[in-house]
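# Report on the structure
Residue-level listing of the chains:
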Amino acid sequence: MLKKNILCLILTFASVCVSELSLAQDIHFSQFWMAPVNQNPALAGAFYDKEGILNYKNQWGSVSSPYKTFNASYDMAIMKQKTKMGFLGAGINIFYDKAGDSQMGTMEASLSAAYHLHLNDRNTVAAGITGGFAQRTINYGGLQWGNQFDGNNYQSAIPSGEPVGAESKTFADMGAGVLWTIIKGDDEANDYERIRMNIAVAAFHLNLPNYSFYNSEEKLYRKWAAQANCLYGFANTDFSVIPGFIYYRQETTQEFVAGSLFRYVIRESAKFTGIIAGSAVSLGIHFRMEDAAIVSAFIEKGLYTFGISYDLNTSDLKPASSSNGGIEISLRYVTPGPFSANSSYKHK
């Protein structure tokens, strides 16, 4: 018990520390824990029998054309009751991202598969793979070039002199990941009364896909993602703390997000009839280093969770953005619910 407490305290401390890190290249969500299979294929089926999530992010609208990202995912556990040794997980993830004046868009659909092996009643390790196809698009007509200014005004009729490539590019994409989950607590307890730690590492773009509009040798660099979080339920209370972090590295760019949620259970679900649904609220703050402070709020009701967060810009862009960053919304459905003693977090 003491070791688990120390680990959670270390994770909490790491989650509020800061370091000088720049931004990564791929899409990213401030609520990274609400986009599991987008972050690591080993998370497919890891926590719930069924899990469906919708994500939406809108950022930088105060300084340019907004960057908009949509994500939809579904994952599930397979053959979980057939054997005590382990079980399979499967998931699907679809995202669409549109950015800037050129309306550069990326749409990707991928499938994930994972196997979760029970080392014992409290420890599970998992390995997963993911693969799919992506398409990038661009609208050259939305771009303006320096040589299209006549000295006083922008003139779209003046040739830009810039080469024009293809308007779309399709490519295959592959990734893989591993996960270690540690659970401590009474099997008859609700999730918020347990201690649960997850440590995961994933690699994306393993095939180094060519994504150039000009048929050059421009490759999409491999991206590494390392994350950890801990749900620590305080005994004999309705309070829990959920510290966590995620780190991305893609060639020379990197990103580090860390912080914590503080959760309060308003009402437990009815233990026998299930007519009364459990509910909880969570508030938290995370920091994207050298970029933003992220304020979040979540409402849980039965099988559903609604989350909203806002990025407060802290980077060098702050004077232009007036500290405005972006809003993010998420909606999650799971079964069984986190208020149930029959939660999927139990290994038995």
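Each remark here, short or long, concerns the structure printed above.
Residues numbered from 1 in each chain as written. Predicted model: local features only at pLDDT ≥ 70, side-chain atom pairs only at ≥ 80, totals over all residues. Heavy atoms only, no water.

On to unusual backbone geometry. Omega for the peptide link from Thr335 to Pro336 comes to -5°, which places this bond in the cis form. With a phi angle near 60°, His205 is a residue other than glycine that sits in the positive phi range. On the secondary structure map, His205 appears in the loop between strand S7 (195-204) and strand S8 (223-233). (Helix = DSSP H or I, 4+ residues; strand = E, 2+ residues; numbered from the N terminus.)

For the rest of this paragraph, the subject is the pairing of strand S6 (residues 168-184). Here strand S5 (residues 123-137) runs beside S6; their pairing, made up of 15 bridges, is antiparallel. Paired with Gly132 across the strands is Asp173, a residue of S6. In terms of strand pairing, S6 meets S7 through ten bridges, oriented antiparallel. Directly across from Ile183, in S7, lies its bridge partner Arg196. (Pairing = 2+ DSSP bridges.)

Another aspect to go through is the packing of aromatic side chains. Counted under the stated rule, the structure contains seven aromatic pairs. Between Phe32 and Trp33, the ring centres sit 5.0 Å apart and the planes meet at 85°, which makes this aromatic pair edge-to-face. Each ring, one from Trp33 and one from Phe298, has its centre 5.8 Å from the other, and the planes form 55°; the classification is tilted. A residue pair is termed long-range when its members are at least 10 positions apart, and Trp33 in the loop between helix H1 (2-16) and helix H2 (36-39) and Phe298 in strand S12 (residues 292-301) qualify at 265 residues. In this structure Phe298 comes out as buried when scored by relative accessible area, which is 5%. Through a chain of ring-to-ring contacts, the aromatic side chains of Phe32, Trp33 and Phe298 assemble into a single cluster. (Phe/Tyr/Trp six-rings, centres within 6.5 Å; stacked < 30°, edge-to-face > 60°. Buried < 20%, exposed > 50% of the residue type's maximum accessible area, 1.4 Å probe, protein only.)

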